[in-house]
Amino acid sequence: MYGGSQSVAIANYSESVLAARTRIVTRLFDQVNDMADIGVSAIMGQIPAYAARDESFYADVHDQLAQLCRAGLGALLEERKVTAGDFAHIRRAAARRARAGLTLMDYINAFRLGQQALWKSLMNYASDSEDDREAALSMVVPLNRYCDLISTQAANAYLEFQQYQSENGTGSRELLDALLTGTLPDRGPQLSLAHGFGIGVESGAPLVVITAAVLDPHGTDTDALHLTSAALARVGVNGLRTLAGQHRSEVVAIPALGRHGNTDDLCERLRATREKLLGAGLRLAIGVSPVVHRIADLPRAHQESRSALDLLPEDGGVLSLPHLTPFRYLMLRAYDTARHLVDPRIAALLTEDRSRGGVLAATIRAFAAADMNLREAADILCIHHNTAKYRLGRIQEMTGRNPRSISDLVDLLVAIELQGECAARR
């Protein structure tokens, strides 16, 4: 279930033992709230830092324990491995505990007490029959693996967020606000802090601005913004830390690329970060500005990174403006209006061509890439010159546009790009 094949593991048990196991787990699943009550009572009784909190904090701990029990027991019932979605809530909970000032020792100790509550309930629901005892023993290894897994995930998330807090305190937020107005502090702790992030160390050093929006249908909560800030603070290249923090309802980061850094490496890290947070239940839209070399240009870069968010689909993603050509950018910006302006004859041709493999669209692209040299286009496509000539004639016949005319060729290329974008959005 958790480290190997659950189906292979349970194959070694008799049908009566498996039936007893299902019965025990089902009863436990139905009593998850009672198990959480036991766990909360133990945590409040043995960890003073937890006991000193208010009722809303107790309810949060209770909810987390219940979710963890449901995830582990649910995987047992379904005879499957635990997935990232089963403990997506752990990252947010870890951020809340770190932000509340709890120590890592207390946080992990709370996990241990919650685990003990699960084991006590398991033994209480198993009778004295041989099948029940064997069924209970069959769950020891998978549940231990599950508890180890969630404890490790929780500890890593806690430490990551705690590191972000220590490196991005009030001073960092003030520095971020100053930089987004195009101002670099000229002396004192703020300038030293900027240098620590690789900003302002060398005149003309490359910088970009990243803007991330949390796509949450239930609204953007503080935990989501904090987690996103902590994750973006770790995407620096060339070993540099990244200045990141909440800015209004979004998260903004300013990575210094360094002398040998580039946006390719940065975007790979951003995509990996987005996937990681997606596993924690956070969907992000991330926009990356063009490279700037002056602090005074950071406000413009910030607006450009925000404009990139408008070009992403509804489920988000990463869009790097440095990786777009001006032509591609214009296609994205004017997508809806431009699509409606495409000649219906061209649209009909491309729709039919797409259903047949897109050979005519490929021919138009190759013809443009070959600077309208038909023989070179045929070589690119690995087809006979006469075949390429026939295709261009077919295109002109169906659309009324001559691919040998610059203006007509541009119209055809624009329509092809818009069709590709339409397919990508679907």
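Bear in mind the structure is a predicted one, so any value in this text is a computation, not a measurement.

### As for the overall build of the chain
At step 1: From N to C terminus, the chain includes 21 helices and five strands.
At step 2: For the chain, buried positions account for 47% of its 426 residues.
At step 3: Across the chain, every contact between residues at least 6 apart in sequence was considered, and the portion connecting residues at least 24 apart equals 72%.
At step 4: Total accessible area on the chain is roughly 20,700 Å²; 51% of this is exposed by carbon and sulfur atoms.

### Observations regarding the packing of helix H18 (residues 359-369) against helix H20 (residues 385-399)
At step 1: Between H18 and H20, the shortest axis-to-axis distance is 10 Å and the interhelical angle comes to 105 degrees. Put simply, H18 runs roughly perpendicular to H20. Contacts between H18 and H20 involve Val359, Leu360, Thr363, Ile364 and Phe367 on the former and, on the latter, Ala388, Arg391, Leu392, Arg394 and Ile395.
At step 2: For the contact of H18 with H20, the residue count by class is seven nonpolar, one polar and two charged.

### Section: the nonpolar core
At step 1: One finds Tyr50 and Leu270 to be the most contacted residues of the largest nonpolar core, which totals 75 residues.
At step 2: For this core, the element with the highest residue contribution is helix H5 (residues 55-78), accounting for 11 residues.
At step 3: Residues within four places of Leu270 in sequence aside, it is in contact with Ile210, Leu232, Val235, Ile286, Val288 and Val318.
At step 4: One finds Ala377, Leu392, Val414 and Ala415 within the second-largest nonpolar core, a separate group that totals 22 residues.

### Section: the state of the cysteines
At step 1: Applying the stated criterion to the full structure yields zero disulfides.
At step 2: No disulfide involves Cys69; its sulfur sits 8.3 Å from the nearest other cysteine sulfur, which is in Cys147.

### Looking at H18
At step 1: Those residues of H18 lying buried are Leu360, Ala361, Thr363, Ile364, Ala366 and Phe367.
At step 2: Positive phi appears at Asp371, one or two residues downstream of H18, with a value of about 55 degrees.

### Things to note about the packing of aromatic side chains
At step 1: Counted according to the given criterion, the structure contains three aromatic pairs.
At step 2: For the pair Tyr107 and Phe111, a centre-to-centre distance of 5.2 Å together with 85 degrees between the ring planes defines the contact as edge-to-face. Note that Tyr107 and Phe111 are positioned in helix H7 (residues 104-125) at a spacing of four residues, about one turn of the helix.
At step 3: Given a relative accessible area of 1%, Tyr107 falls into the buried group.

### Some thoughts on the sheet that holds strand S5 (residues 317-320)
At step 1: Judged by pairing direction, the sheet is mixed, and its five strands sit side by side in the order S2-S3-S1-S4-S5 without closing on themselves. Each having just a single partner strand, strand S2 (243-247) and S5 make up the two edges of the open sheet. Adjacent strand axes in the sheet meet at a mean angle of 15 degrees, parallel and antiparallel pairs treated alike.
At step 2: Pairing of strand S1 (residues 210-214) with strand S4 (residues 284-288), which is carried by five bridges, proceeds in the antiparallel orientation. Across the sheet, residue Ala212 finds its bridge partner in S4, namely Ile286.
At step 3: Contacting S1, S4 and S5, helix H13 (residues 263-279) crosses the sheet at an angle of about 170 degrees to S4.

### Comments concerning the pairing of S5
At step 1: Judged by which residues are buried, S5 turns out to be covered on both faces: Gly317 and Leu319 on one side and Val318 and Ser320 on the other are all buried.
At step 2: When S4 meets S5, the two strands line up parallel, connected through four bridges. Paired with Ala285 across the bridge in S5 is Gly317.

### Description of the side chain of Ser151
At step 1: Following the sequence through the fold, Ser151 ends up in helix H9 (residues 140-167).
At step 2: Once you skip the residues sitting within four places of it in the chain, Ser151 turns out to touch Ile108 and Phe111.

What counts and what doesn't
Residues numbered from 1 in each chain as written. Predicted model: local features only at pLDDT ≥ 70, side-chain atom pairs only at ≥ 80, totals over all residues. Heavy atoms only, no water. Helix = DSSP H or I, 4+ residues; strand = E, 2+ residues; numbered from the N terminus. Buried < 20%, exposed > 50% of the residue type's maximum accessible area, 1.4 Å probe, protein only. Contact = heavy atoms within 4.5 Å. Areas by Shrake-Rupley, 256 points an atom, 1.4 Å probe, with all protein chains shown as cover. Axes fitted to C-alpha atoms, helices over the stretch in contact; angles between N-to-C directions. Parallel < 35°, antiparallel > 145°, perpendicular 65-115°, else oblique. Nonpolar A, V, L, I, M, F, W, Y, C, P; charged D, E, K, R; others polar. Core = buried A, V, L, I, M, F, W, Y, C linked by side-chain atoms within 4.5 Å. Disulfide = S-S within 2.5 Å. Phe/Tyr/Trp six-rings, centres within 6.5 Å; stacked < 30°, edge-to-face > 60°. Pairing = 2+ DSSP bridges.

Read these as layout, nothing more, since geometry by itself doesn't imply function.
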